[in-house]
Amino acid sequence: MSAGAIVGIVIAVIVVIIIIWIVGTYNGLIRRRTQCEEAFSTMDVYLKKRFDLIPNLVSTVKGYAKHESETLEKVIEARNSGATQTVDERMESENQITGALRQIFALSENYPDLKANQNFLDLQGQLKKLEEDIANARKYYNGSVKEYNNKCLTVPSNIIANMFKFERKPMYEVEEAAERQNVKVEF
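Scoring rules and cut-offs
- Residues numbered from 1 in each chain as written.
- Predicted model: local features only at pLDDT ≥ 70, side-chain atom pairs only at ≥ 80, totals over all residues.
- Heavy atoms only, no water.
- Helix = DSSP H or I, 4+ residues; strand = E, 2+ residues; numbered from the N terminus.
- Buried < 20%, exposed > 50% of the residue type's maximum accessible area, 1.4 Å probe, protein only.
- Contact = heavy atoms within 4.5 Å.
- Salt bridge = Lys/Arg side-chain N within 4 Å of Asp/Glu carboxyl O.
- Axes fitted to C-alpha atoms, helices over the stretch in contact; angles between N-to-C directions.
- Parallel < 35°, antiparallel > 145°, perpendicular 65-115°, else oblique.
- Left-handed = near helix turned anticlockwise from the far one by under 90°.
- Nonpolar A, V, L, I, M, F, W, Y, C, P; charged D, E, K, R; others polar.
- Phe/Tyr/Trp six-rings, centres within 6.5 Å; stacked < 30°, edge-to-face > 60°.

1. Structural notes on the side chain of serine 157
Okay, step 1: Here serine 157 is to be found in helix H6 (residues 157-163).
Okay, step 2: Relative accessible area serves as the criterion here: at 6%, serine 157 is assigned to the buried category.
Okay, step 3: Dropping the residues within four chain positions of it, serine 157 is found in contact with Trp21, Thr25, Leu29 and Lys151.

2. Considerations on the pattern of salt bridges
Okay, step 1: What the rule picks out here adds up to six salt bridges.
Okay, step 2: Residues arginine 50 and glutamate 94 are paired through a salt bridge, measuring 2.5 Å at the closest nitrogen-oxygen approach. Here glutamate 94 lies in helix H3 (residues 87-108) and arginine 50 lies in helix H1 (residues 3-64), a separation of 44 residues in the sequence.
Okay, step 3: With a relative accessible area of 0%, arginine 50 lands in the buried category.

3. Points about the packing of H3 against helix H5 (residues 118-153)
Okay, step 1: Across the interface, H3 lies against H5 with an axial gap of 12 Å and an inter-helix angle of 150°. Judged by the inter-axis angle, H3 sits roughly antiparallel to H5. Note that H3 runs across H5; the crossing there is left-handed. The residues of H5 that touch H3, namely those facing Val87, Met91, Glu94, Asn95, Thr98, Leu101, Phe105 and Ser108, are Phe120, Gln124, Leu127, Glu131, Arg138 and Tyr141.
Okay, step 2: Each residue belonging to the contact of H3 with H5 can be placed in one class, and the counts come to seven nonpolar, four polar and three charged.

4. Overview of the environment of leucine 47
Okay, step 1: Mapped onto the elements of the fold, leucine 47 is located in helix H1.
Okay, step 2: Each residue touching leucine 47, except ones within four places of it in the same chain, is listed here: Glu94, Ile134 and Arg138.

5. Remarks on the packing of aromatic side chains
Okay, step 1: Per the stated rule, a full pass over the model turns up three aromatic pairs.
Okay, step 2: A centroid spacing of 4.9 Å and a plane angle of 65° characterise the contact between tyrosine 26 and phenylalanine 164, whose relative ring orientation is edge-to-face. Here tyrosine 26, found in helix H1, pairs with phenylalanine 164, found in the segment after H6; they are 138 residues apart in sequence, far enough to count as distant.
Okay, step 3: The partly exposed category is assigned to tyrosine 26, whose relative accessible area is 30%.
Okay, step 4: Geometrically, the ring pair formed by tyrosine 26 and phenylalanine 166 is edge-to-face, given 5.6 Å between the ring centres and 70° between the ring planes. Of this pair, tyrosine 26 sits in helix H1 while phenylalanine 166 sits in the segment after H6, and the two are 140 residues apart along the sequence.
Okay, step 5: An aromatic cluster is present here, built from Tyr26, Phe164 and Phe166 joined pairwise through their rings.

Following this line, the structure appears as structure tokens:
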């Protein structure tokens, strides 16, 4: 074999290796992006269930707390703003709903009859379970986003991510700084 043929074979092998790496990296980015979308959809299913339970909860509370309409209106307003488009807007809206639901449960402390109402207790139990499912779905979503974003930002896969315009995805974060603080337990 001539030196030119050997150089040609080496170049061909290097090109094939580079192509295989590009395809493998691209497919890895696609898999991680799809996993992020699936994780968001999973979370979205639980959020939809919570969205559907809110009117039942509000109507139950209305019967006991007629003069607390401002709190109930905030809950309905937060619920209805959930039809936003972007992921960031959706996350912000869901954080508002979570805060509004906390207000309803705090409100129920003022009404012993409401706290004893079986329908309210059932709804409260369903929402508690849904909130746990939502929290787990958020953890799964954030884990998927972390893997995807790491792949988009680390060398050498960031080269392929930039070439094919893979963009970072937002993490799901707590909106209110007070929720990040240590809880004081006093007796």
